[in-house]
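Now for the letters of each chain:
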Amino acid sequence: MKLRNLLVGLSALIITLSSCSSARTHTAAADEAFQRANYYNASILYKKAYAKEKNSVAIGEISFKLGECNRLMNDTKEAENWYGKAVDARYSDPVAVLRYADMLKANGKYAEAITQYNLYKRDGGTDKRADIGIKSSEQAQKWIDKPTRARVHNVGDLNTKFMDFAPSYMGTNYNTLIFTSGREESMGTKRDGWTGEKFSDLYLASKDQNGKWSIPKPLAAPINTEVNDGAATYDMTGNTMIFTRCAVEKNKEGVCKLYISSKTGEAWSEPQLLPFNSDTFTVGHPSLTADGNTLYFSSNMPGGLGGKDIWVSKYDQSTNTWGQPSNMGSLVNTEMDEMYPFIRDNGNLYFSSNGHAGMGGLDIFVSKFEGGKFAAPTNMMSPTNSPADDFGIIYEKGKESGYLTSTREGGKGEDDIYSHELIELTFTVSGRVYDIDTKESLKDAKVELFGSDGRYNSVITETDGTYKYSLSENTSYTISATVLGYLNKKLQVSTVGLEESRDFIGDFDFALHSISRPIELPEIYYDLDKATLRPESKKELDGLIVTLGDNPNVTVRINSHTDSRATDAYNIDLSNRRAKSVVDYLIANGIPSDRLSSKGFGESKLKIPDSEIDKLKTDAEKEAAHQQNRRTEFEVLRTDYVPKKK
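First, a word on what this report is: a plain description of the structure on this page.

Basis of the calculations
- Residues numbered from 1 in each chain as written.
- Predicted model: local features only at pLDDT ≥ 70, side-chain atom pairs only at ≥ 80, totals over all residues.
- Heavy atoms only, no water.
- Helix = DSSP H or I, 4+ residues; strand = E, 2+ residues; numbered from the N terminus.
- Buried < 20%, exposed > 50% of the residue type's maximum accessible area, 1.4 Å probe, protein only.
- Contact = heavy atoms within 4.5 Å.
- Lys, Arg positive; Asp, Glu negative; His and termini not counted.
- Charge placed at Lys NZ, Arg CZ, Asp CG, Glu CD.
- Pairing = 2+ DSSP bridges.
- Expected span 1.5 Å × (residues − 1).
- Arc of directions from axis to C-beta.
- Polar contact = N/O pair within 3.5 Å; in protein donor to acceptor, adjacent residues only side chain to side chain.
- Axes fitted to C-alpha atoms, helices over the stretch in contact; angles between N-to-C directions.
- Salt bridge = Lys/Arg side-chain N within 4 Å of Asp/Glu carboxyl O.

1. A word on the overall build of the protein
The helix and strand tally for the protein stands at twelve helices and 36 strands. Referenced to the eigenvectors of the C-alpha coordinate spread, the extents of the protein come out at roughly 125 × 60 × 45 Å. Counting over 646 residues, the protein shows a buried share of 50%. Sequence-distant contacts in the protein: of pairs separated by 6 or more residues, those separated by 24 or more amount to 56%. Across the protein, the centroid of the 79 positively charged side chains sits 1 Å from that of the 89 negatively charged ones.

The following block contains the structure:
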């Protein structure tokens, strides 16, 4: 576990249950084991003390310490149980309430966690983690209710009931993984007093053409040893490895350090320490850039913001050594822990943190590399993250897929390796090109697609007049339909911001107007006996402006008609003035005047003859018929107009 969490103060981690003097109480022995980070042993002793203890104050203290042991062993359910007992026993340190809230959150009990965070604040708790806990608990439930398009699956062939974590690709075929495990096949006979498992080793597994994983095999010496080895990174050839090794020295503090080794054939060279390691702080969780010249890692070395931070070191070609590390700063790091960095081929930095607002324990964050610098980290949300610990994410080059580690519900052990992938959204647009008046499909229509990403496609319709295109994510499109003898038409469709797949169908038929007959503008209205356009008429004319823009080579004449309820001379004058008002509106809105003309026909071309109107029974029916006669149309005169150069 110390490799997993990179903590210092790791002395005497080998389990020695018999080392406690019979003269000591279980509590004293447990305290001693706890101080040595021997949490597995300490928890056993604390439970014995709890069973015998009668004093309520001591019961609260033992309960709290059992909560601490289980928290550090990453057993959040047991930790929740014991912190809850400490709170019930009115343990004096209010941090018990904060810890209890944290474990409730880590177990997905967000409403209960918020209650405990508020109690902690009410009783004088000033730690800002309570505010972060409340905010993140509220947000986490929303993320669970509305997950992202990521899909996460347990890789059963790689996992055991023991800890299996920190996968890394080896080489460029992306079919070989190296990962860390505390399973029984690991080297040596001793066990890690932190977890009760064997000290971790690095394991290799490969996937065949059918997607079946081989049985994981431990790397041989000198890579694996009797102490904790793991959390590795490789250059693109797979022949240079940097990995983490955590020392175990009885009665001395042990720390984690980074080592480098080279591969010749099937053998690895004796690992060498990187120059910035130290016996006074811990270093681990390496990630190399694609060119192998920049190394990201986690450390609690001096100069950080608190806990473990993400650091970066550059390789100096002139001296053939790794340079002095620099801290990633407060944009990435917090006063808590930032670990397991992964630098992707596109420059984006992924890491895990319990300091930024998250869903529970460690959450995975991404800091995108934009404009030559890293952007503020964003939480990758559910289901990439869960209420439990999520960390150690990696990506295959150029793909939205890879692996990560999680302690979420449903796994085979404490830490399991999961595959992850971003489900690709699918979008289509389809429709039919047809005559707006006859409703007949139009064959040989040219339907063109223009994308904001530079894409262009063109299809010619068959007898049924249909077309269909696939669309890309976050792209805007213009679709146009062109048929000889018809006005062109354009439609807009966009997938920008859409988070679910969609087929655009209903609004993407092309109902085209034949230019062989006048085209009525049915919503053009005037006040009684006036030629002034009413406001509601302008919406219809705005549509005509779009049509003229889609057809820049046509000239049109605006035709205006009246009903028969006035003199011929009056109706001719009125219709001329009304047609001209339409032309004036079009010119005022950018249509060149030499593309436009107008004519008033008065009552000379009644749509419904008076003889038919006289047969109607009600005044309302007669008025509706007169309204049809009071119409405005546009008629295409030419299709060879050449726009003037500006």
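2. Here we look at the sheet that holds strand S18 (residues 363–367)
Overall, antiparallel pairing links the four strands, which are arranged S16-S17-S18-S21 in an open sheet. At either end of the open sheet lies a strand with only one pairing partner, and these are strand S16 (338–343) and strand S21 (378–379). Pairing of strand S17 (residues 349–353) with S18, which is carried by five bridges, proceeds in the antiparallel orientation. By the bridge assignment, Phe351 is partnered in S18 with Phe365.

3. Some details on helix H7 (residues 110–122)
Taking 1.5 Å per residue as the helical rise, H7 with its 13 residues ought to reach 18 Å, and the 18 Å between its terminal C-alpha atoms agrees with that figure. Among the residues making up H7, those that are buried are Tyr110, Ala113, Ile114, Gln116, Tyr117 and Tyr120. For H7, the buried positions fall inside an angular range of 165° around the axis, keeping them on one side. In H7, the exposed residues that point more than 90 degrees away from the buried face are Ala111 and Arg122.

4. Overview of the side chain of Ser137
Here Ser137 lies in helix H8 (residues 129–145). Residue Ser137 is classed as buried on the basis of its relative accessible area, which comes to 1%. Contacts of Ser137, omitting those with residues within four sequence positions, involve Lys105, Tyr110, Ala113, Ile114 and Tyr117.

5. Describing the side chain of Thr334
Tracing the backbone shows Thr334 in the loop between strand S15 (326–327) and S16. A relative accessible area of 12% places Thr334 in the buried class. One polar contact links the side chain of Thr334 to the main-chain amide nitrogen of Met336, over a distance of 3.1 Å. Polar contacts involving the side chain of Thr334 include one to the side chain of Glu338, which spans 2.7 Å. Setting aside residues up to four positions removed in sequence, Thr334 forms contacts with Leu305, Gly306, Asp309, Ser353, Gly355 and His356.

6. Observations concerning the environment of Gly133
Note that Gly133 resides in helix H8. For Gly133, a relative accessible area of 2% corresponds to the buried category. It is 24 Å that separates the C-alpha atoms of Gly133 and Glu61, two residues lying 72 residues apart in sequence. Beyond its immediate chain neighbours, meaning those up to four positions away, Gly133 contacts Lys105 and Tyr117.

7. Structural notes on the sheet that holds strand S35 (residues 596–602)
Strand-to-strand pairing in sheets goes through backbone hydrogen bonds, with the strands running parallel or antiparallel. The strand order S33-S36-S34-S35 describes an open sheet built from four strands, whose pairing is mixed. In the strand order of this sheet, the two ends are held by strand S33 (519–521) and S35, each with one partner. Shown here is a sheet whose adjacent strand axes are inclined to one another by a mean of 30°, direction ignored. With six bridges joining them, strand S34 (residues 555–561) and S35 adopt parallel strand pairing. Bridged to His561 within S35 is Gly602. Here helix H9 (residues 535–550) sits on the sheet and contacts S33, S34, S35 and strand S36 (632–638); the angle it forms with S33, its principal contact strand, is near 145°.

8. Quick look at helix H2 (residues 26–35)
Looking at H2, one finds that the buried residues are Ala29, Ala30, Ala33 and Phe34. On an axial view of H2, the arc spanned by its buried residues comes to 140°, and they lie on one face. As for H2, its buried residues are in contact with helix H3 (39–52) and helix H4 (56–72). Trailing H2 by a residue or two, Ala37 shows a phi angle of about 65°, which is positive.

9. Observations regarding the pattern of salt bridges
Between side chains of opposite charge, pairing is possible as soon as their charged atoms come close. Tallied over the entire structure, the rule returns 34 salt bridges. With a shortest N-O distance of 2.7 Å, Asp563 and Arg630 are connected by a salt bridge. Of this pair, Asp563 sits in the loop between S34 and helix H10 (568–588) while Arg630 is found in the loop between helix H12 (619–629) and S36, placing the two residues 67 residues apart along the sequence. A relative accessible area of 7% means that Asp563 is categorised as buried. The exposure class assigned to Arg630 is partly exposed, which follows from its relative accessible area of 22%.

10. Notes on the environment of Glu226
Within the secondary structure, Glu226 is located in the loop between strand S5 (217–218) and strand S6 (228–234). Among the residues examined, Glu226 registers a relative accessible area of 52% and is labelled exposed. Apart from residues lying up to four places away in sequence, Glu226 is in contact with Gly188 and Phe199.

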